[in-house]
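Read off the chains here:
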Amino acid sequence: MDKEVDSQYFQHDEKKIEEFLKTEPWKKDPKSFSKCRIAAGAAMRMLKHALRGVDKGRARDGGKGLPLEVMGLMVGRPQNDTIVVLDAIPLPCDGFESEWDVNISNEAMIHMTNISERLEKKGQKERIVGWYHSHPFEVGTHSNCFMSAIDINTQSMYQKAVTAHWTAVVIDPLRCITKSKLEMSTFRAYPDIYKPPADQAPDGESIRESAGKNWGTYPEKYYMLETKFFMSSIARSTMELFSKDSLWIKILSNSNIDDEEFAGKIVKRIVKSTQKLPAMEPRFDKSKDQKQLSANNDTAELAHELCTEQTLGILRKLLFKGCSCGKKHVKNMEVE
């Protein structure tokens, strides 16, 4: 959760936005928008909508149906290199991507036009800045937040026809439930003429090194934005007030130590830390000394995280599964 000041995201300056859009930075840099900041309320609306699609799909065919994908619109504004999302509006469009035809696309466009008109009539300064949709697929080692071929075509079309700062959010609702965290990512399509570096995944890493991750059929046609969530100071104070007495339950109930994804990330961080280590030489070199310090800090942070997870694992077993040594002691007393 982003703890930056409220004014950075909640104050609207129409003049600054107009001046910024006139510069058209996306024409010079295809990744000019590199960050997305989503209000906690908007994120929860998107997740709630995605979970409704899951329940609706499963209720079909006598309770044997598959979760349905949903879509909606995001309201906010562009702010330098950031897309700020302040609200989310669900659309009455759901189904399976393979079944979504021209009629559903036209229906979504009609809803989008009507919503835009309503926002203008209400005098709301923020405008539609993009769309969101869900990928309620089976939970695996890696997230299902990616852009399919149809998603990329839709995103590219909106960036050209509606507004250049149009942005897409993909939600993995089943993973949100399983991992007890918001699992959503933000994407934008590259211009048709742009070719990214070879072997580069949407998150900027090597496709070969991130084997197993699902980036869809055309990972070279889109990129991922850095996504963070924020809330107002009033909302944050209220949330802390309500959750302070039950926070220990959340901490103890969530485990990462046996999570394959968590283990993979730890291994990657260890590799990156070791790569920072300078070659051992007797001659003093200040730059290498700084690298050594950075590597030491990284490894200390890793050790702290692993120790915390191990400790929580022991506490979980003691509290929820009981202590085997205690049971043995009781049995010995009964024998005597």
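For the structure itself, consult the block above.
Residues numbered from 1 in each chain as written. Predicted model: local features only at pLDDT ≥ 70, side-chain atom pairs only at ≥ 80, totals over all residues. Heavy atoms only, no water.

Trainee: Describe the overall build of the chain, naming the residues involved and giving the relevant values.
Mentor: Across its full length, the chain carries 12 helices and seven strands. Across the 336 residues that make up the chain, the buried fraction comes to 38%. Across the chain, every contact between residues at least 6 apart in sequence was considered, and the portion connecting residues at least 24 apart equals 71%. (Helix = DSSP H or I, 4+ residues; strand = E, 2+ residues; numbered from the N terminus. Buried < 20%, exposed > 50% of the residue type's maximum accessible area, 1.4 Å probe, protein only. Contact = heavy atoms within 4.5 Å.)

Trainee: Explain the sheet that holds strand S6 (residues 184–189) residue by residue, including any values.
Mentor: Taken together, the seven strands give a closed barrel; going around it, the order is S1-S3-S2-S4-S5-S6-S7, and neighbouring strands pair in mixed fashion. Averaged over all neighbouring strand pairs, the angle between strand axes comes to 35°, with direction disregarded. One ladder, built from five bridges, connects strand S1 (residues 35–39) with strand S7 (residues 222–230); its direction is parallel. Counterpart to Ala 39 in the pairing with S7 is Phe 230. Taken strand by strand, helix H3 (residues 40–58) contacts S1, strand S2 (69–79), strand S3 (82–95), strand S4 (127–134), strand S5 (167–171), S6 and S7, and its axis lies near 20° from that of S3. This element, helix H6 (residues 149–161), spans S4, S5, S6 and S7 of the sheet and lies at about 60° to S6. (Pairing = 2+ DSSP bridges. Axes fitted to C-alpha atoms, helices over the stretch in contact; angles between N-to-C directions.)

Trainee: I'd like a rundown of the nonpolar core, residues and numbers included.
Mentor: One finds Ile 38, Met 46, Val 85, Val 169, Ile 171 and Met 184 to be the most contacted residues of the largest nonpolar core, which totals 31 residues. Broken down by secondary-structure element, the contributors of at least two residues to this core are S1, H3, S2, S3, S4, S5 and S7. The residues touching Ile 171, leaving out its near neighbours within four places in the chain, are Met 46, Leu 47, Ala 50, Tyr 132, His 133, Ser 134, His 135, Cys 145, Cys 176, Glu 183 and Met 184. If you look at the next biggest cluster of nonpolar residues, it comprises 24 residues, including Cys 93, Tyr 158, Ala 168 and Phe 187. (Core = buried A, V, L, I, M, F, W, Y, C linked by side-chain atoms within 4.5 Å.)

Trainee: I'd like to hear about the side chain of Ser 185, residue by residue, with values.
Mentor: Checked against the element boundaries, Ser 185 lands in strand S6. Residues in contact with Ser 185, not counting those within four places in the same chain, are Cys 145, Ala 168, Val 169, Val 170, Met 224 and Thr 227.

Trainee: Which residues make up the state of the cysteines, and what values go with them?
Mentor: This structure, assessed with the given rule, holds zero disulfides. Here Cys 145 is not cross-linked by a disulfide; its sulfur's nearest cysteine counterpart is in Cys 176, at 7.2 Å. Take Cys 145: its relative accessible area is 4%, and that puts it in the buried class. (Disulfide = S-S within 2.5 Å.)

Trainee: Could you give me a rundown of H6, with the residues and numbers involved?
Mentor: If you check H6, its first and last C-alpha atoms are 18 Å apart, about what 13 residues at 1.5 Å a residue would give, namely 18 Å. Within the sequence span of H6, burial applies to Asp 151, Ile 152, Gln 155, Ser 156, Tyr 158 and Gln 159. Buried residues along H6 cover an arc of 165° about the axis, so they all sit on one side. Residues of H6 that are exposed and point over 90 degrees away from its buried face: Asn 153, Lys 160 and Ala 161. (Expected span 1.5 Å × (residues − 1). Arc of directions from axis to C-beta.)

Trainee: Explain the environment of Leu 225 residue by residue, including any values.
Mentor: Its location among the elements puts Leu 225 in strand S7. With relative accessibility at 3%, the residue Leu 225 sits in the buried group. Non-local contacts of Leu 225, meaning those with residues more than four positions away in its chain, are made with Phe 33, Ser 34, Lys 35, Cys 36, Thr 186, Phe 187 and Arg 188.

Trainee: A description of the pattern of salt bridges should follow, citing residues and the corresponding values.
Mentor: Pairing between side chains of opposite charge can happen when their charged atoms approach one another. A full pass over the atoms with the stated rule returns 10 salt bridges. Between Asp 87 and Arg 45 there is a salt bridge, with its nearest N and O atoms 2.9 Å apart. Here Arg 45 lies in helix H3 and Asp 87 lies in strand S3, a separation of 42 residues in the sequence. What makes Asp 87 partly exposed here is its relative accessible area of 25%. Classification of Arg 45 by relative accessible area gives partly exposed; the value is 41%. Between Glu 183 and Lys 181 there is a salt bridge, and its shortest N-O distance comes to 3.9 Å. Within the structure, one salt-bridge network assembled from shared partners comprises Arg 175, Lys 181 and Glu 183. (Salt bridge = Lys/Arg side-chain N within 4 Å of Asp/Glu carboxyl O.)

Trainee: Which residues make up the packing of aromatic side chains, and what values go with them?
Mentor: With the rule as written, the count across this model stands at eight aromatic pairs. Pairing Tyr 158 with Trp 166 gives two aromatic rings, centres 4.8 Å apart and planes at 35°, and the pair type is tilted. Considered together, Tyr 158 and Trp 166 belong to a single accessibility category, that of buried residues. Among the aromatic side chains, those forming a connected cluster through ring pairs are Phe 20, Trp 26 and Phe 33. Over the ring of Tyr 218 we find Lys 221, and its NZ or CZ is 4.5 Å from the ring centre. (Phe/Tyr/Trp six-rings, centres within 6.5 Å; stacked < 30°, edge-to-face > 60°. Lys NZ or Arg CZ within 6 Å of the ring centre and 35° of its normal.)

Trainee: Explain the pairing of S5 to me, and be specific about the residues and the numbers.
Mentor: Every other side chain in a regular strand lies on the same face of the sheet, so the side chains alternate between the two faces. Counting buried residues in S5 gives five out of five residues, a clear majority hidden from the surface. The two faces of S5 match: Thr 167, Val 169 and Ile 171 on one face and Ala 168 and Val 170 on the other face are all buried. Two strands pair when backbone bridges link them, and S4 and S5 are joined in this way by five bridges, in the parallel orientation. Bridge assignment links Ser 134 to a residue of S5, and that residue is Ile 171. After leaving S4, the chain enters H6 and then returns to the sheet as S5, a path that is right-handed. (Right-handed = clockwise from strand over helix to strand, strands pointing away.)

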